[in-house]
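Here is what each chain is made of, one letter per residue.
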Amino acid sequence: MSGFVPGHFDDYPPSLGEEPSHPECPQDPVQTNLIISEVQQVTIYTILATVYFVITLLFRFATDSVPDPPDDTLELALGEEPSHLEQHLQDPGGIHLSGVQQVVITAIRATNVTLGLRRIPAGFHVTVKADGAECQTSNKPVDVDQAVVEWKERIILPREPSSKVRVSVHASFELGPILSHGELLRTFEISVGELLDRSENSHPITFQPKQQEVVSPCASLFMIVEHQLSDENDAAVLCPLTTLTSSDALILRTDAGHGLLARYCRTQNNSDLDQSIIHFERAFDLCPMDHPHHPAALCNLATAKLVSCQANGTYLDLDIPLSLFQDALDLRPTGHPDRPITQFHLAIVLLSRFAIRGLQTDGDLAKELLREVLNVCDANSHIHRAALLAIETSALHPAGRTDANDLGQPAASLLPLSPDQLYNLAEQCRGRDDPRALDEVISLHYDALGYYNATHAYRVVLLGNLGLMLVTRFRRRGNDEDLDRAIALQKEALALCPVGHKDRSSFLNNLATQLSTRFEHRGNDEDLDQGIALHREALALHPVGHPDLSKSLNNLATQLSTRFKHQGNDEDLDHAIALQREALVFCPIGHPDRSSSLHNLAVQLSIRFNHRGDDEDLDRAIALQREALTLHPVGHPDRSKLLSNLATRLFARFNHRGNDEDLDQGIALQREALALCPVGHQDRSSSFNSLGAQLSTRFEHRGNDEDLDQAIALQREALALHPVGHPDRSLSLNNLANDLAARFEHRGKDTDLDQSIVLQREALALRQVGHPYRSMSLHNLAYHLYTRFEHRGNDEDLDQSLALQGEALALRPVGHLDRSKSFNSLAAQLSTRFEHRGNDKDLNQAIALQREALVLCPVGHPDRCMSLYNLATHLSSRFEHRRNEEDLNESREHLHCALTLLTQHDPLRLRVNSSLAEVFLSFYRSSPGPGQDTDSLDAAMHHLKAAANVVSAGLLSRLKASLRWVRRADQHTHGTQLEAYATSMQLLDAYVSTTASVAARHKVVKDLPSTLAVDAASCALRRGDARRAVELLEQGRTVIWTQMTRLRTPLDNLQTRGDHAVALRDKFRTLSFLLDKPPANFTERTPRVNVEAEEVRYRRLVEDWNRAVEEIRKIDGFSRFLLPPLFSDLQDAACDGPIIMLIASELSCDAIIIPHEQPLTNIQLPTNFERLQNLVLALDEARQKERNAKGHQRALVTALMELWDDVVGPVVKHLGEFARPGSRIWWCPTSLFNFLPLHAAGKYYGKHTQFLSQLYISSYTPSLTALIQARRKHDKSPSVPFAAVGQNLPAGASFTLECVEPELELVRSLLPPSPTVSFTKITSVDATKSRALHALRDNTWVHFACHGTQNYEEPFKSAFLMRDQPLSLLDIAQMDLSRHEFAFLSACETAVGDIHTPDEVVHLAAGLQFAGVKSVIGTLWTVDDETVQRLVEAFYANLCGDGKMNSKRAARALSRAVQSLARDKDIPLDQRIVFMHVGI
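Residues numbered from 1 in each chain as written. Predicted model: local features only at pLDDT ≥ 70, side-chain atom pairs only at ≥ 80, totals over all residues. Heavy atoms only, no water.

**Some remarks on the sheet that holds strand E22 (residues 1359-1360)**
Picture the strands of a sheet paired through backbone hydrogen bonds; they go either parallel or antiparallel. Let me state the cut-off plainly: DSSP calls a pair of strands paired once it identifies at least 2 bridges connecting them. The secondary structure listing takes helices from DSSP runs of H or I that are at least 4 residues long and strands from runs of E that are at least 2 residues long, numbered from the N terminus.
The strand order E21-E22-E23 describes an open sheet built from three strands, whose pairing is antiparallel. The sheet terminates laterally at strand E21 (1348-1349) and strand E23 (1367-1368), the two strands that pair on one side only.

Put into structure tokens, the structure is as follows:
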């Protein structure tokens, strides 16, 4: 069945050591250590890392480390673009401040100003700019736990509400005097009027994170703004705006330096750092010794120089920043507000130099400076926290003396480098990916080995370290020889450390680790077993009390866990957990390894939970992870990993128990973890992946589009960080493919499905036979191919899907966690093949597999609901095939059980309800007597209605469900028919509104039933409710035009409903303007992520627009704002004459006459849908066959007479009650009636000839609403602006239209002269698309004389052909022509619709009316030049022969012109009836 769900994709591979997506352990569970000689007791690497960590505090001090701002931050600092506010923009022009003398900011509050900052600021301040002046608040410091900073300083603003004010928030790096603005955090422009409005409504300005950031400093800003009458005392209270000093080179240089330094910290682009130093140097040059800003300039330059030393590894240059900081400190004596931060910076430089050179005086002086900082600064300040952390960290690793040359190039000597020198070089290579340097270090180690023989004490150290370097190269390049050679070297080193040797345990550990690496690479059990034996021996050398005991316990436990995964021996897993518990005992509270021990035990318990399903293991793992997280407070470098670990465990528990709180908390933790992994962080890709996976799961659980869009964006980011060759690329490909497939099912976009298959194929290619996740890729690719088969019906997709799924099942033997998923999916595909090919064996096998899947999903299993649903679906299919009632009863029972297991917001409720409806319909059809089991029929309709109302399932799925409801209700003439139709049309409207382009909207409508609205109206008529029929027609037709015109709805009446109403009006206008703008025109080369970002932006705008509409509806008198109109409102369309709606449905063909104030009349026409189809074809064939025929066109006449007998004649019989002869009537045709020339119908032969054109003046309207809108009155200019646009030789034309120029001159001669008409003519080379658009925009009357084309494949590309390029219907539709009066379209096919979507009325004439033109004359088919000339002359003579211009005369003028042509029998009939009038 089409509603069948084969099951979830395989779960995203979980993060952590046991899963490849996210290596989350803070330290490697199996340690490998470089060995150094006894002379070097302290590892310089550790000291440098420690100092670097403290230095990093300068750039990542805030509560959470976050991704850096985008590259345009520098431009913001020098020439600012505004930040993005929440969508609450309002037009200030609607707010009037009568009687206000002063507008004053009395207070400013900012929240979370430190969030994501990378340097320790001295304070924060706000600048306000308006009318060429600037005012700056005081500079306020912020404490660690201070969420809000407030400035209570008064700032006078301009009085005009429309005046623009720019507000900026800055972080400064000195308290006084302030040298420059500092680092720019936020900036935006806002009107005074909106500031007042936000202040009055307590509505803060909330900022979104900057581009490419998850969080950014300053989350919101609230300003209290008042208007006060000024008095003499104000001058003492209010701060007047001061004149800007934008030319101050010192400020500009310093601001530029800060901006570039901030960008360097984000991107690690050395050119930014170099430019930053240049700017700070030039600023320093502008500050001589006696300049008040001299100390600040010294500190800025010193900071940049220090970063340069760290970035380039030029630690010998530390003397430069040290000297600069010392000079600054000398100028900031005791009591100076900036002395503590200067002392701190100087201490950091001294610690750095101490680590390199080992001068104790440096270390002592640094500690003295830091203690002074602690004594002076408040304990809750950021500088106090940083100083305390620096002291504590440096105390852990006192520096040892190291020759500075050890950090540079090897000495130019014939002697080999010492082990200490080689150690330093090796550590540098392990810390950066430099292939040449790595090869050189390995070569130097080999040289040293050649120098030191087997008896030398250095040899064992060199062997061990060379082995580790070879393993490093193997991991980076994958050369097996390196790994084998490393193991051989480690074995030789171990042989040199016999039992009793003090380093034997270290070499045992290293050899075991490398054997484990080779096992992971090749899967040789002997390597794993040997590694475990070596770890056991190492453990035996670490008795109780040994400092490495807990690490040995951990290492052995990790290897046992690996063997459990490989061989499945429960004893290994239990032993691993016991060892990890023991390791934790030896890491009591306060032990530096406690957090990693907590984590590792949590990992093993999680593995056992996955294996045995014991809830206690999972709960205990989460408790351990929570404790580990508490040991990593804000600011700890490993906090992100611990956050992610805990999130992963909570995610696992959600999957097991379905507790929403676990999922939400996991996502929150994962977001925080991502915020701590900025660009360049090694864990950033895994954070993207993990957060994306959890958001995707929440989407599946609740159906929130935002979650899915964000998941896809995150997975694209993760994939971008995993280029070809990256070990985790297959994982990212898999995850992104799954999310794209989910979005296809939710929204139906083919490109998503095709892309998901391409990505899954690439993922499978990377997971060759033997890869642990090959079965997952097989399963997922099979699922996507199966989905595509269901969508497009290509047998090849189904066959390939079955083959892949069978291979996946073979890789999931009994006991495999995902075996039930394979059963489920294979069963789905076999069932589908049965439906497609009718082989009973497939269906029986599908049910057998599904029963096995259900057994593997016992009560409480998260997939039980889906297994129940799928089994029920297969049983229902078998009932339909064999009529075994037991199958149907069992199906119903399983579906009821599945429904009870689903939460209220689970999207799967739609499919379960839909299947239940089909089951109840089967019961109804199987009842003994037809129509007896009404309870089953009612139940079926109840479930169909419930399916259509599952909000979380998404608009597309709900729309399809509602159409099923319509079909079934129609089929059984159920009482819910009209409700089903109304629901379908409401969902269609909502779904179409989410698509940005007109072409996409047309495709949506084209793919759905074209007769939905007319069938709904026909249903209402059969129930005797003609008024409801009219309402349904208006609601369900011209959906695309309705979407466009509602964005241009005037709201002038809100002006008098108070400030809130005015604000809503302005918000509605702003959002409508943004939605009405043409969408971005993406090319095939546009990155997919850009396209998706634009789609998300548009969808969010739609959501904001919908919310604004809902708010407007709460205002008195606006309760039905933009709701489908009621008949009482629609009847106003008939104020100037009756309207005849013609309804062509396969159920019936009807006419409804709508008078202005009388009851409407319903007429059942003596025809049917098939006859109408034949009539449309007959007319077209007759016109083509007899084109330009002189005299009578018999086939055409015959068709027009049939049109009279079957349609127009029956209507005319009733029109006498509502319209006198010679008066006007309007036709509003639907469906096939759109393609019939109703105005030309008549009895052309016989004694009593009769023609509609002799009885009434016919006009057309695409909808009643369009006619009502066309009658809106606007102010008219005293002189009518009239443009005549003609093109005789458009681009690509093979011949010239000779009549164009004479026609335009004829029009000019027939129009009243100036000043009544202001005439403009554009022809020949001047008649380009651009000039034509300008003419159409600037003139309210327009006459086109040119080629016209109707594009039947893409009707919005129908166009007037201009000299350079076509002027398309889409171009016209995007214009606001609401003040335009008249358009004469003297071109071919300007009123021909699209046969695929007839009720959308997509043609040039209708487009002009929907765009706002009140009266339009168009053509139904090709026109002859001679006919046009004569008709134009007769038309304009009748329209304005008396010197008056009135567009309401157009219909009558056309009627008279056509009658004058009728007297000339030489003019073919098809040319006499080709013109028709649309509008008032």
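**Here's the deal with the side chain of Ser1447**
Quick reminder of the rule: Whenever two N or O atoms come within 3.5 Å, that pair is a polar contact, provided that in protein one can donate a hydrogen and the other can accept it, and provided that, for residues adjacent in sequence, both atoms are side-chain atoms. Two residues qualify as a contact provided that any one of their heavy atoms is within 4.5 Å of a heavy atom in the partner residue.
Relative to the elements of secondary structure, Ser1447 occurs in the loop between helix H53 (1425-1440) and helix H54 (1450-1462). Here Glu1381 takes part through its side chain, which lies 2.8 Å from a polar atom of the side chain of Ser1447. Excluding anything up to four places from it in sequence, Ser1447 contacts Trp1341, Glu1381, Phe1382, Lys1414, Ser1415 and Ile1480.

**What to know about the pattern of salt bridges**
Let me state the cut-off plainly: Salt bridges are defined as contacts in which a side-chain nitrogen from Lys or Arg sits within 4 Å of a carboxyl oxygen from Asp or Glu. Only protein chains enter the accessibility calculation, which uses a 1.4 Å probe; a residue whose area is less than 20% of its type maximum is buried, one above 50% is exposed, and one in between is partly exposed.
Going through the model one piece at a time under the given rule, you end up with 71 salt bridges. The shortest N-O distance in the salt bridge between Arg518 and Asp527 comes to 2.9 Å. For the pair Arg518 and Asp527, a shared accessibility class is recorded, and that class is buried. For Lys1329, the salt bridge identified is with Asp1371, shortest N-O distance 3.1 Å. Placement of the pair is Lys1329 in helix H50 (residues 1329-1338) and Asp1371 in helix H51 (residues 1369-1373), with a sequence separation of 42 residues.

**Side note on the confidence of the model for the protein chain**
This is how the line gets drawn: The predictor attaches a confidence to each residue, called pLDDT, with possible values from 0 through 100.
Predicted confidence across the protein chain gives a mean pLDDT of 83, with 88% of residues reaching 70 or more. Every residue in residues 232-247 scores below 50 in pLDDT, and together they form 25 contacts with partners more than four places removed in sequence or on other chains.

**Quick look at the pairing of strand E1 (residues 102-111)**
Of all 10 residues making up E1, eight are buried, and the element is well covered by its neighbours. When E1 meets strand E9 (residues 220-228), the two strands line up antiparallel, connected through nine bridges. Each bridged residue has a counterpart across the sheet, and for Ala110 the counterpart in E9 is Leu221. Where E1 and strand E4 (residues 148-151) come together, four bridges link them in antiparallel fashion. Along E4, the bridge assignment pairs Arg109 with Glu150.

**What to know about the environment of Thr455**
Here Thr455 lies in the loop between helix H13 (435-451) and helix H14 (457-477). Along the backbone, Thr455 and Leu496 are 41 residues apart, and their C-alpha atoms lie at a distance of 8.9 Å.

**Concerning unusual backbone geometry**
Omega for the peptide link from Ser1314 to Pro1315 comes to 10°, which places this bond in the cis form. With respect to the element layout, Pro1315 can be found in the loop between helix H49 (1300-1310) and strand E19 (1317-1322). For Ser202, which is not a glycine, the phi torsion comes out positive at approximately 50°. In this model, Cys218 sits at a positive phi of 70°, which is unusual for a non-glycine residue. Looking at the element boundaries, Cys218 is found in the loop between strand E8 (205-206) and E9.

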